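One letter stands for each residue in the lines below.
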Amino acid sequence: MTERKIRVRFAPSPTGPLHIGGVRTALYNYLFARQHGGDFVFRIEDTDSQRFVPGAEEYIIESFRWLGIKFDEGVSFGGSHGPYRQSERKEIYREYVDKLLEAGKAYVAFDTPDELEAKRSTIENFQYDAHTRGIMRNSLTLSKEETDQLIKDGTQYVVRFKVIPGEEVHINDMIRGEVVIKSDILDDKVLYKSADGLPTYHLANIVDDHLMEITHVIRGEEWLPSAPLHVLLYKAFGWQDTMPQFAHLPLLLKPEGKGKLSKRDGDRLGFPVFPLEWHDPKTGEVSSGYKESGYFPEAVVNFLALLGWNPGTEQELFSLEQLVEAFDISRCSKSGAKFDYQKGIWFNHEYILQKSNEEIAELFAPTVANNGIDEPMERIVQVVAMMKDRVNFVKELWDLCSFFFIAPLEYDEKTVKKRWKENSAEVMAQLAEVLRGLDDFSIENQEHVVFAWMEAKGYKPGDVMNAFRLALVGIGKGPGMFDITAFLGKEETLRRLERAIEVLK
């Protein structure tokens, strides 16, 4: 028997924005496929027409484009296993529903929602299964003639899978090992609804995975309870030999407390849970995204990869190519991973440091221009070189370093009280004369001359340099003073010194 080519899929529902947990699931599928030279398929599971949200599908595709996670085939990518949108595969599913009915492995049920609710209220822990199907209104309790007539009359029905009790269902999970479930606890799940002519997730998912030759199903832990039914469906169709291997990923948990990560956690603690900003077409609500919040896509990918997976080394910074090489799905945790959003910020800072000054300057330049400053790119690169290690996001640069481009109009009150002494105006005036006399305004020469002057005068360097910084920057923060003055140049440095002397006295 020839070895099958590895094929995995990511199959979201277009019911809203893509949650960051879904991004991680897609990432792990991508890494697994690339590592094994396999294919990564993008499928849209839109059989739940009631929950469809316009724009969600396009949002999902754009999210992966931004993140750099590429699909080999699927919706909008093409391929030989289409169509890849479930709503376009109705006839295919109907064919497989009929096969199950003909083989006696599924049956038609006519119970109305009211009838089902009545049973739930009279039978404790009611579920539709081998113990209760005999008292319900279905093709197992009605004659064939009655069943056919009801269908002919247009009575709405569902098709349920007939679970045989007393069986052990074995699931070989790549993360959790062998999981054994008794079939007695499973209910006869609905596979198809006549109301909209569409299958439920359970049937569509199995048929698509089989026809699209999916070899491994890597999905969230929340789907683990569905796995036994999916195994039974594969057996019912006689597809045991091509049944994919399962891997159920650990949940992403709240940063604090217990439970699954939700949008409310992000709103409460101030971090995004969606890759891109989402504008809800129904409510008009806008939810923040990682892209618009200033994260680099590489930082988001790196951060997510290590939530629930451990490379087995101390390494934390990985390019996508390095992740492909290092990824081992057996090293995924069985227990949930706390969503440490602060670590995500740390990753973004590290990627700022990794990127060249020129690259960060290109991103920062529009902010400089939007503040009415016309500076050549090489000057912006100089500022970035001095300041990028102080920020976590490019958008934070302006507040920290606007003083390079705009002279302070006012001076921080606390710093003035602490740093501007009685004799500071006099000392700054003397310093201005020292600087005015310099022909060589390089960092090295300024530092040499100014420190020699302070020593000769018996001034404390701390007192002088703190007042000097306040005069030029307006606050007690910033890089080295001579880095600042060399950038500003002699004329601007003297102009700022003179204004501070005049204002602060």
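No experiment lies behind these values; they were computed from the predicted model shown.

### So, the packing of aromatic side chains
Between two aromatic rings, the relevant description is the distance of the centres plus the angle of the planes. Summed over all chains, the structure comprises 31 aromatic pairs. Pairing Phe-40 with Phe-71 gives two aromatic rings, centres 4.4 Å apart and planes at 25°, and the pair type is stacked. One end of the pair, Phe-40, is in strand 2 (residues 39-42); the other, Phe-71, is in the loop between helix 2 (56-67) and strand 3 (73-74), with 31 residues separating them in the sequence. In this arrangement the basic side chain of Arg-160 is found over the ring face of Tyr-128, its NZ or CZ atom lying 3.8 Å from the centre.

### So, the environment of His-19
Structurally, the position occupied by His-19 is in the loop between strand 1 (7-10) and helix 1 (20-35). For His-19, a relative accessible area of 24% translates into the label partly exposed. His-19 sits 244 residues away from Lys-263 along the chain, and the two C-alpha atoms are 8.4 Å apart. Beyond its immediate chain neighbours, meaning those up to four positions away, His-19 contacts Leu-261, Ser-262, Val-273 and Phe-274.

### With respect to a negative patch on the surface
Side chains of Asp-439, Asp-440, Glu-444 and Glu-447 sit close together on the surface and give a patch of like negative charge. With respect to the helices and strands, the residue Asp-439 is situated in the loop between helix 16 (424-436) and helix 17 (443-457). Judged by relative accessible area, Asp-439 falls into the exposed class, the value being 78%.

### What to know about the sheet that holds strand 9 (residues 198-199)
The strand order 4-5-8-9 describes an open sheet built from 4 strands, whose pairing is antiparallel. Bordering the open sheet on either side are strand 4 (106-109) and strand 9, each of which pairs with just one other strand. Here strand 4 pairs with strand 5 (residues 158-161) via 4 bridges, running antiparallel. Looking at the pairing, Val-108 lines up with Val-159 of strand 5. In this fold helix 3 (residues 90-102) packs onto strand 4, strand 5, strand 8 (190-193) and strand 9, with an angle of close to 105° to the strand it touches most, strand 4.

### Some details on the pattern of salt bridges
Taken as a whole and judged by the stated rule, the model has 35 salt bridges. Measuring nitrogen to oxygen at the nearest pair gives 3.2 Å for the salt bridge that ties Asp-265 to Lys-254. In this pair, Asp-265 is assigned in helix 8 (residues 263-269) and Lys-254 in the loop between strand 12 (252-253) and helix 8, connecting sequence segments 11 residues apart. Each member of the pair, Asp-265 together with Lys-254, is buried.

### What about the environment of Glu-222?
Mapped onto the elements, Glu-222 comes out in the loop between strand 10 (216-220) and helix 7 (227-237). When the C-alpha positions of Glu-222 and Pro-250 are compared, they lie 8.6 Å apart, and in sequence the two are 28 residues distant. Among all residues touching Glu-222, those that are not within four sequence positions of it are Leu-251 and Lys-260.

### Overview of the pairing of strand 5
The pairing of strand 5 with strand 8 spans 3 bridges and is classified as antiparallel. Residue pairing across strands places Val-158 opposite Lys-193, the latter belonging to strand 8.

### Some details on the UniProt feature "domain: Aminoacyl-tRNA synthetase class I anticodon-binding" (unreviewed entry) in the protein chain
Per the UniProt record, "domain: Aminoacyl-tRNA synthetase class I anticodon-binding" (unreviewed entry) is found at residues 361-501. As annotated, residues 361-501 has a helix share of 67% and a strand share of 0%, and its two end C-alpha atoms lie 33 Å apart.

### Points about helix 16
Across its 13 residues, helix 16 extends 18 Å between first and last C-alpha, which sits within 8% of the 18 Å expected from 1.5 Å per residue. In this fold, the buried residues of helix 16 make contact with helix 15 (413-419), helix 17, helix 18 (461-473) and helix 19 (481-504).

### Overview of the pairing of strand 2
Neither face of strand 2 is open: one carries Asp-39 and Val-41, the other Phe-40 and Phe-42, and all of them are buried. Sheet topology note: the strand 1/strand 2 ladder contains 4 bridges and is parallel. Along strand 2, the bridge assignment pairs Phe-10 with Phe-42. For the crossover from strand 1 across helix 1 to strand 2, the handedness is right-handed. With 2 bridges joining them, strand 2 and strand 3 adopt parallel strand pairing. When the bridges of strand 3 are listed, Phe-42 appears paired with Gly-74. The parallel pair strand 2 and strand 3, bridged by helix 2, forms a crossover whose chirality is right-handed.

### So, unusual backbone geometry
With the exception of glycine, the majority of residues adopt a negative phi angle, and the majority of peptide bonds are in the trans configuration. Of note, the bond from Gly-82 into Pro-83 is cis; its omega dihedral lies within 30 degrees of zero at -5°. Residue position: Pro-83 is located in the loop between strand 3 and helix 3. Despite not being glycine, Asn-125 has its phi angle at roughly 55°, a positive value. Structurally, Asn-125 can be placed in the loop between helix 4 (113-122) and helix 5 (144-152).

### Quick look at the packing of helix 6 (residues 201-211) against helix 7
With their axes 10 Å apart at the nearest point, helix 6 and helix 7 run at an angle of 55° to one another. By the angle between their directions, the pair helix 6 and helix 7 is classed as oblique. Crossing geometry of helix 6 relative to helix 7 is assigned as right-handed. Across the interface between the two elements, Tyr-201, His-202, Leu-203, Asn-205, Ile-206, Asp-209 and His-210 from helix 6 touch Leu-229, His-230, Leu-233, Tyr-234 and Phe-237 from helix 7. A class-by-class count of the residues in the contact of helix 6 with helix 7 yields 7 nonpolar, 4 polar and 1 charged.

Cut-offs and rules
Residues numbered from 1 in each chain as written. Predicted model: local features only at pLDDT ≥ 70, side-chain atom pairs only at ≥ 80, totals over all residues. Heavy atoms only, no water. Phe/Tyr/Trp six-rings, centres within 6.5 Å; stacked < 30°, edge-to-face > 60°. Helix = DSSP H or I, 4+ residues; strand = E, 2+ residues; numbered from the N terminus. Lys NZ or Arg CZ within 6 Å of the ring centre and 35° of its normal. Buried < 20%, exposed > 50% of the residue type's maximum accessible area, 1.4 Å probe, protein only. Contact = heavy atoms within 4.5 Å. Patch = residues over 30% accessible without salt bridge, like charges linked within 9 Å, V, L, I, M, F, W, Y side chains within 5 Å. Areas by Shrake-Rupley, 256 points an atom, 1.4 Å probe, with all protein chains shown as cover. Salt bridge = Lys/Arg side-chain N within 4 Å of Asp/Glu carboxyl O. Lys, Arg positive; Asp, Glu negative; His and termini not counted. Charge placed at Lys NZ, Arg CZ, Asp CG, Glu CD. Pairing = 2+ DSSP bridges. Axes fitted to C-alpha atoms, helices over the stretch in contact; angles between N-to-C directions. UniProt positions renumbered as here; feature names shortened; annotations may be inferred. Expected span 1.5 Å × (residues − 1). Right-handed = clockwise from strand over helix to strand, strands pointing away. Parallel < 35°, antiparallel > 145°, perpendicular 65-115°, else oblique. Left-handed = near helix turned anticlockwise from the far one by under 90°. Nonpolar A, V, L, I, M, F, W, Y, C, P; charged D, E, K, R; others polar.

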